Amino acid sequence: MPSDKEEIRKNIVQYASSLEDRTVALKAKLDIINKLLEYTKGHDLKDVYPASAVAGGVGSGGVETFLRSMRGMIVSTSRTIRAASLRLVRYIIVKTPTMMAYVISLNMAPFISRSFERDKHSEAERVQALKLIRAMSEVDAPRMPLCCVQALVAVAEAQDDSFCRVALETICEISVRSPHVCSLGGGLRTMFDAALDPMFQGMQESLLAAVGYLLNENETRAYIRPGVDLQTILAPFTNSYLLGPLPKGTNKDKEKEKEKEDEVLTKRWHGSCKAVITLLKTWPGIISLASDAQGLKSIVNALYLPHSELHDKLIDALFEILRVSQPKTADPFRISSHYTVAGKAATGKPGEGSGLTLELPSRTRSARHNLLNNYISILLVAFIDCGLIEGLAHIGNVSFPTTTDEAEKIRFKNISQKATILLGEILHLSNTLLPSAQCARVQTLPALVNLSISFQDDPRSRSRASTMVTHLHSYSHIKATSSFADFYLGLIVTGANKWRRIKGKDRRLDKIDDVKMKMDRAMEDNVFQARLKDSNVLTTKDIQKWNWDAISELLSGPLNNPTHLTSALKTKFIKRILSFLRPSNRLFCNMAWTTENMKYARIACQTMEVLVNADAGFEYLKDNKMITHISDMLRQEIELAYAEAEELRRLQTRDPSSPSLSGHGDHGTRSRKGSVSTEKRLLSQEKVLKTMAREYFTLLGTLSSTTYGLAIMARNKIFDYLKPMSELPGRDDLSDLIMRSLDYNVAGESRVILAKALTSSSTVVRFLATRHMKVLLRAGVQQYNDWGVDLLVNQLNDPDPKVGLVALSVLDEACDDIVCMEALIRLRPSLLKHGKPGKSLMLRFLSRSSGIKYLSEIGFVAQEMAFWVKEENVQYVLSLESNLSELLNPSIWKQREGSDQANAGAYLPPHLFGELAKTEEGCELLKQSGLFEVFMGIIRRASRATTTSSSSSSSTTTSSSSSSSITKTSSSSNNAIPNNNNNNSNSGANGSSKSSSDVSTVAVVGADNVHSSLETRAALYAVGHIGSSPTGFSFLEDDGSVPLILSLAQSSSNLSLRGTCFFVLGMISQIERAREILDKLGWESPQNLHSYITVPKDISQDSFLKVAPYEYLGSWAGSSPSMVSFDSLGFPPAHKEILEYVAKLSNHITADTASRNLKRLKTKQPELFLCNPAAATPAATPGGAPAAPTTSIPPSPSESSAGLLYQTLQLMGIYKYRLGVRRFIFDCVDSAILSDDMFPLLDLEPRNQPPNAAAGAAARPPASPSIGATAASATTPPTSTNPSVSSTSTSTSTSASSSSTSTSASSSSATATDSSSTANAGTVPTA
């Protein structure tokens, strides 16, 4: 490749001349195009050509001359040539973005769109045309020609076209980059329609993400028709009256057609439900739907429609919106359907309650701020205000239709049951998340209660209402039981407590248990003896004949009385139970480890507990054969394991050629001995996995929970065997069982074994042991701060990083307890090596005076404050919002993971300034730094900008969010919204993607304000963290910050910024003084100070969920060119007739007649559709290239058929035509298009002159728009090579011009779009 620029220019001129030479073969032209492509890849044209050449100097081989030769190739008769030319043009504008203006001004856009609209036989050409259109949108979206957008819309709406999906994706991207262009081209309307189309179900989230982005700010929200476009998403709910069977006697064809229509409507219901769910996961969606008079109200009103299928889908959607799980039991109103006893769920899995790790909920997690609660609280307020409570009560009381179909009856019953459950969940959530005043209004249920006690209405209605009230009462009792905070916290994870009901959950059952215990203890001896006989233990040794329920009642009741226990020990009752448990008898240990057999393990633990809690029982058990046999079993297992290890070592050290290794000698004898010993072993891997022998460790755990039990274990040397057993190589199963079965409340050998497991040679055992430390923490094991924290700190140095991270997470949870945090600070662990999680834990040290002292000594505080001021304060916001976005929209692997669901939530991570504000020393550091004043200055600027914006008629926003999600996307590049296809932003059809050289960074709407918005959000979170502590709130109170933040939440034009303010207000609402201030301002909080929630007292009067009225700027009628009569253009009658037919093709009513007439004219007078090159030919320059056309004296359209082609292309670039119609029109004029004869004639038509980069550009007269160009491309030539600058400035001018031309657009917005598809047959648009 030549390196000299002069030589490159000469070659380009030569190649351009060859392309214009008609005598050159097509194959040679293809080779030339490929060579030009290589030049373009390696050089920027603005570097190769001087300024004068870029300005259009033909003699010097200017850029315009080069592109003129290329446009002839775009309309070549060869598909291959057209595809290669489109590819070359794409590389040119990507490599040199300023060239896009020349492509538009040279009338190439209509023919690019023509290439994209071709049929399936030109797939390669269509791919290149699509890539070129996408490149144009990336380089300078505001200059996108409308004809290209119209082509994308036509292809996207043609669902049988293979390019419809990628066309819709491109429209979605253009809507973000330039909503003005997309709106005028009909793209936004296509996006709203496609969001409900089952064909585009997989793209729904991407489409709605773009919609949410547009709704977020004033400058983009202006292109969405208020009260119209969002109603498109809700339309299937309200347009359901036509659903249902036709009257009897209807034609069968009509019945089939009606069935298809009903099926389509049902699918649209599903799409509408998903769309509502997606929108309500974003702040713009929540506020926009709540602000719309028919937004959320339409969803609630749909519950009153007579369609059970719609009710079912809506209720399922509401379950998902409010993040409530649907019950999986047949009778959800019975408490036994939800929970049985501690550690044993309704599923009855043997692993639950048999020693496996229980994921206990955190004891202190509720004290942390969960942003998800704020999100649900505002949804509750909005839906309750729209009448959701009354709607669900109506569904629960609606009368079943008279039908004999049992399946229908069951379906209606299930819907009513689901509505009742959802209503119960809402009442429970409101009791937790809403202020008491609002909760009281909700809990009364006046309509339902009045109906249940009214004797004037239908008795059946009263019965249904009474049943619903009863079910609600039962369900509230279930929720109170299942949500009791100490359900698991009182659970000691060893022994019989796994199956015992925990006291405190249910006061009624607690009283019953207390009375029963007193009665059992006071039981007379004769009654006790009779109950012993009823158990059948004294009468037979056959365990199948024993009454195990009676045995369990005796162990849990009368036998806890020492007198009765002494009496029972004199009988064979305890002896036979212990004999059944004895390993040598092979009764208990050989049972299968199943759910049905877990009752034996429970009774075994109860027996051990009864014996070790009494002196007589201790004396009886300490030398019992069962204990000694368990000890012998452990010893035998260790000896056999050591023997096997020794044998394996011996075999490995022997000569490989020895007979024993080759299958001879005593190998067979040794194998037989090994098999016999394996059969005798009760703790082999297979038996531990499949039999109840594993439950012996549960019995030992019960013994380890008491002093007497520990003495028995020490007497029989059980700990001496458990220690080496926990370290047996290859027996991780035994190590895990021992570790999780022992009790650690009593200091002693149990904690030594746990310490050994934490330092085991097996990575698996170390990981499981470290995770078990979390279970012990949540179970409230005694003195955890003395020994547990020390063990966890040692685990931070584990060679496996996963183990260290688990230990770090346990320490983070332990630090919720001040005693544990102080213990950790005293140990001064090295946490920075664990990255961001370790640093977050160190930040929590700053909430204690001892922590500030320690971190100040090592220089951490000063260094971290500088780091947070520089970048971490912003990164904190991005990370937090990304986590919340992932929680609301989990990825596939997150949905499948589903771990630790009890603690799911978006919890606020520690913030440097918030932690400092919790101590007097930290507050002093904040005062000295002056950072609080800096943060409040940023918030005040945002507030002033909002005030200015709201008072301005144009209503443009100052703050811009980087996403349409509640939590703006964490990506900081170009403010782009999340998209499933963003990794191939310039991909063509069938997954083809552009190369790395095609990537172009562009600015999108609002990109200049991304930094300002992010800075404002970071300042808000910093102020919120500072004000969330009593010592830090003094900063906010002295500055008067609370009213300012509340004002920003109510009036900000950036809806996502309102959401951030809502979160921040919730953060500071835990301070009593803050609640008083908010109460005066019309906001209130729940009584619980740790709720971190505050909501408006009257949401209908508060402006938080209201969007200020705005003027619609996307009206086609307000931005379309002026219309002139065909007669005024001087066209011949035949040309006027053709234009009239082309215009009528945009109307589906007149399209059939117009297409027939055009076919007739095409057949009879084909010359009308051809260009006449002899009519006007530009003079040639001395260099041989055609001269640049002049617009001073354009020829009359009557002198050239190019005028007909020009106006036809103008019509197609402005009005909406379906893909088939567009192809038909192009087929009519293809004879003219597939020839470069028409370009000189089109150049004589009014068009854009190429933008002049030279100093004398201002002297050039104003130009008229080119074919299919937007107003932006006509009036704002690029003056900078930076695409971002160009894009931003053009967007500004576009918005200004749109505002000035759409005075009456808002009043006729509904008809404006329709007019774009119904062109006046007697007029044509002109510049």
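Everything numeric here is computed off the predicted structure, so don't read it as measured data. Every chain is numbered on its own, with residues counted from 1 as its sequence reads. Given that this is a predicted model, residues contribute local features only at a pLDDT of at least 70 and side-chain atom pairs are listed and counted only at 80 or more, while totals for whole chains, interfaces and linings are drawn from all residues. Derived side-chain values reflect all non-hydrogen atoms in the structure, with water molecules and hydrogen atoms excluded from consideration.

### Concerning the pattern of salt bridges
Okay, so step 1: A carboxyl oxygen of Asp or Glu within 4 Å of a side-chain nitrogen of Lys or Arg is what we treat as a salt bridge. Applying the stated rule across the entire model yields 45 salt bridges.
Okay, so step 2: Its salt-bridge partner being R650, residue E647 comes within 2.8 Å of it at the nearest N-O pair. With E647 and R650 both in helix 34 (residues 625–653) and three residues apart, this pair spans about one turn of that helix.
Okay, so step 3: R650 sits in the partly exposed class, given a relative accessible area of 31%. Numbering of helices and strands starts at the N terminus; helices are DSSP runs of H or I of at least 4 residues and strands are runs of E of at least 2. For the exposure calls, accessible area comes from a 1.4 Å probe over protein chains only, and a residue counts as buried if that area is under 20% of its type's maximum, exposed if over 50%, partly exposed in between.

### Examining helix 55 (residues 1041–1051)
Okay, so step 1: Counting buried positions along helix 55 gives eight out of eleven residues, so the element sits mostly inside the fold.
Okay, so step 2: Within the sequence span of helix 55, burial applies to S1041, V1042, L1044, I1045, L1046, L1048, A1049 and Q1050.

### Notes on the environment of I577
Okay, so step 1: Topologically, I577 is positioned in helix 31 (residues 573–581).
Okay, so step 2: Between two residues, a contact is recorded if the distance between any of their heavy atoms is within 4.5 Å. Ignoring any residue separated from it by four or fewer positions in sequence, one finds I577 in contact with W546, I551 and T607.

### A look at the packing of helix 34 against helix 39 (residues 718–725)
Between two packed helices, both the angle of their axes relative to each other and the distance between the axes serve to describe the pair.
Okay, so step 1: The axes are straight lines fitted to the C-alpha atoms, using for helices just the contacting stretch, and the angles between their N-to-C directions are given from 0 to 180°. At a minimum axis separation of 9 Å, helix 34 and helix 39 run at an interaxial angle of 30°. Our classification of the angle between helix 34 and helix 39 gives roughly parallel. For helix 34 against helix 39, the interelement crossing comes out left-handed. Here I627, S631, L634, R635, E637, I638 and Y642 of helix 34 come into contact with helix 39, specifically with I718, Y721, L722, P724 and M725. Angular relationships are summarised with four words: roughly parallel below 35 degrees, roughly antiparallel beyond 145, roughly perpendicular across 65 to 115, and oblique for the angles in between. By convention, the crossing between two helices is left-handed when the near helix turns anticlockwise from the far helix through less than a right angle, and right-handed when the turn is clockwise.

### Regarding helix 59 (residues 1133–1144)
Okay, so step 1: Taking 1.5 Å of rise per residue, the twelve residues of helix 59 would be expected to cover 16 Å, and the 16 Å separating its terminal C-alpha atoms lies within 8% of that figure.
Okay, so step 2: Within helix 59, burial applies to A1134, H1135, I1138, L1139, Y1141, V1142 and A1143. The span one expects for a helix is its residue count, reduced by one, times 1.5 Å.

### Describing the environment of R766
Okay, so step 1: Mapping R766 onto the fold places it in helix 42 (residues 763–779).
Okay, so step 2: Along the primary structure R766 and V803 are separated by 37 residues, whereas in three dimensions their C-alpha atoms are 7.0 Å apart.
Okay, so step 3: Discounting residues that sit within four places of it in the chain, R766 has contacts with A757, L758, T759, S760, S761, Q795, D798, P799, D800 and V803.

### Comments concerning a nonpolar patch on the surface
Okay, so step 1: A grouping of V449, I453 and V469 is seen on the molecular surface, where their side chains present a nonpolar patch of about 220 Å² in accessible area.
Okay, so step 2: Position of V469 relative to the elements: it lies in helix 26 (residues 459–482).
Okay, so step 3: Relative accessible area serves as the criterion here: at 31%, V469 is assigned to the partly exposed category. Patch rule: a residue counts if its relative accessible area is over 30% and it has no salt bridge; like charges are joined within 9 Å, and nonpolar side chains (Val, Leu, Ile, Met, Phe, Trp, Tyr) within 5 Å. The protein chains shown are the only cover counted for residues, whose accessible areas, like all others here, come from Shrake-Rupley with a 1.4 Å probe.

### Some points on a positive patch on the surface
Okay, so step 1: A cluster of like positive charges, contributed by K541, K572, K575 and K625, occupies part of the molecular surface.
Okay, so step 2: Examined against the element boundaries, K575 turns out to sit in helix 31. Under this rule, positive means Lys or Arg and negative means Asp or Glu; His and the chain ends count for nothing. A single reference atom marks each charge: NZ on Lys, CZ on Arg, CG on Asp, CD on Glu.

### Thoughts on the packing of aromatic side chains
Okay, so step 1: Here a pair means two rings of Phe, Tyr or Trp (six-membered ring of Trp) with centres within 6.5 Å. Their orientation is stacked below 30 degrees between planes, edge-to-face above 60, and tilted elsewhere. Scanning all chains against the criterion turns up 23 aromatic pairs.
Okay, so step 2: On the numbers, 6.3 Å between centres and 55° between planes, the contact of F1062 with W1083 is tilted. In this pair, F1062 sits in helix 56 (residues 1055–1068) while W1083 sits in strand 3 (residues 1083–1084), placing the two residues 21 residues apart along the sequence. As far as burial versus exposure is concerned, F1062 and W1083 are alike and both buried.
Okay, so step 3: Cluster of aromatic residues (ring-pair linked, three or more members): W546, W548, F580, F588, Y600 and Y696.
Okay, so step 4: Two thresholds decide whether a charge sits over a ring: the Lys NZ or Arg CZ must be within 6 Å of the ring centre and within 35 degrees of the ring normal. Sitting above the plane of the F412 ring, R411 keeps its charged end 5.2 Å from the centroid.

### Re the nonpolar core
Okay, so step 1: Buried Ala, Val, Leu, Ile, Met, Phe, Trp, Tyr and Cys residues that are joined via side-chain atoms within 4.5 Å together make up what is termed a nonpolar core. If you look at the biggest cluster of nonpolar residues, it comprises 349 residues, and the most contacted ones within it are L634 and L722.
Okay, so step 2: Setting aside residues no more than four positions away along its own chain, L634 makes contact with L683, F697, L700, I718, Y721, L722 and M725.

### Comments concerning the confidence of the model for the protein chain
Okay, so step 1: You can read pLDDT as the predictor saying how much it trusts each residue, on a scale of 0 to 100. Mean pLDDT over the protein chain stands at 77; residues scoring 70 or higher make up 72%.
Okay, so step 2: Residue range residues 1173–1200 is modelled with pLDDT below 50. Its contacts to residues more than four positions away, or to other chains, number 33 contacts.

### Some points on unusual backbone geometry
Okay, so step 1: The phi torsion at R323 lies on the positive side, around 55°, for a residue other than glycine.
Okay, so step 2: Locating R323 in the fold gives a position in the loop between helix 20 (308–321) and strand 1 (339–341).
Okay, so step 3: Positive phi, normally seen in glycine, also occurs at N536, with a value near 70°.
Okay, so step 4: Along the polypeptide, N536 turns up in the loop between helix 28 (525–534) and helix 29 (548–556).
Okay, so step 5: Judged by relative accessible area, N536 falls into the partly exposed class, the value being 28%.

### Details of the environment of G617
Okay, so step 1: When you line up the elements, G617 lands in helix 33 (residues 615–621).
Okay, so step 2: Among the residues examined, G617 registers a relative accessible area of 0% and is labelled buried.
Okay, so step 3: Linking G617 and P562, residues 55 residues apart in sequence, is a C-alpha distance of 8.7 Å.

### What about the state of the cysteines?
Okay, so step 1: What counts as a disulfide here is a pair of cysteine sulfur atoms lying within 2.5 Å. Under the defined criterion, the tally for this structure stands at zero disulfides.
Okay, so step 2: Here C148 stays unpaired: no disulfide links it, and the sulfur of C147, its closest cysteine neighbor, is 4.2 Å away.

### Looking at the packing of helix 42 against helix 43 (residues 784–795)
Okay, so step 1: For the pair helix 42 and helix 43, interaxial distance at closest approach is 11 Å and the crossing angle is 150°. Classified by the interaxial angle, the pair formed by helix 42 and helix 43 is roughly antiparallel. Between helix 42 and helix 43 lies a crossing of left-handed hand. Where helix 42 abuts helix 43, its residues R766, T770, M773, L776 and L777 lie against Y784, W787, G788, L791, L792 and Q795.
Okay, so step 2: Three categories are distinguished: nonpolar for Ala, Val, Leu, Ile, Met, Phe, Trp, Tyr, Cys and Pro, charged for Asp, Glu, Lys and Arg, and polar for the others, with Gly belonging to the last. Its residues assigned to classes, the contact of helix 42 with helix 43 comprises seven nonpolar, three polar and one charged.

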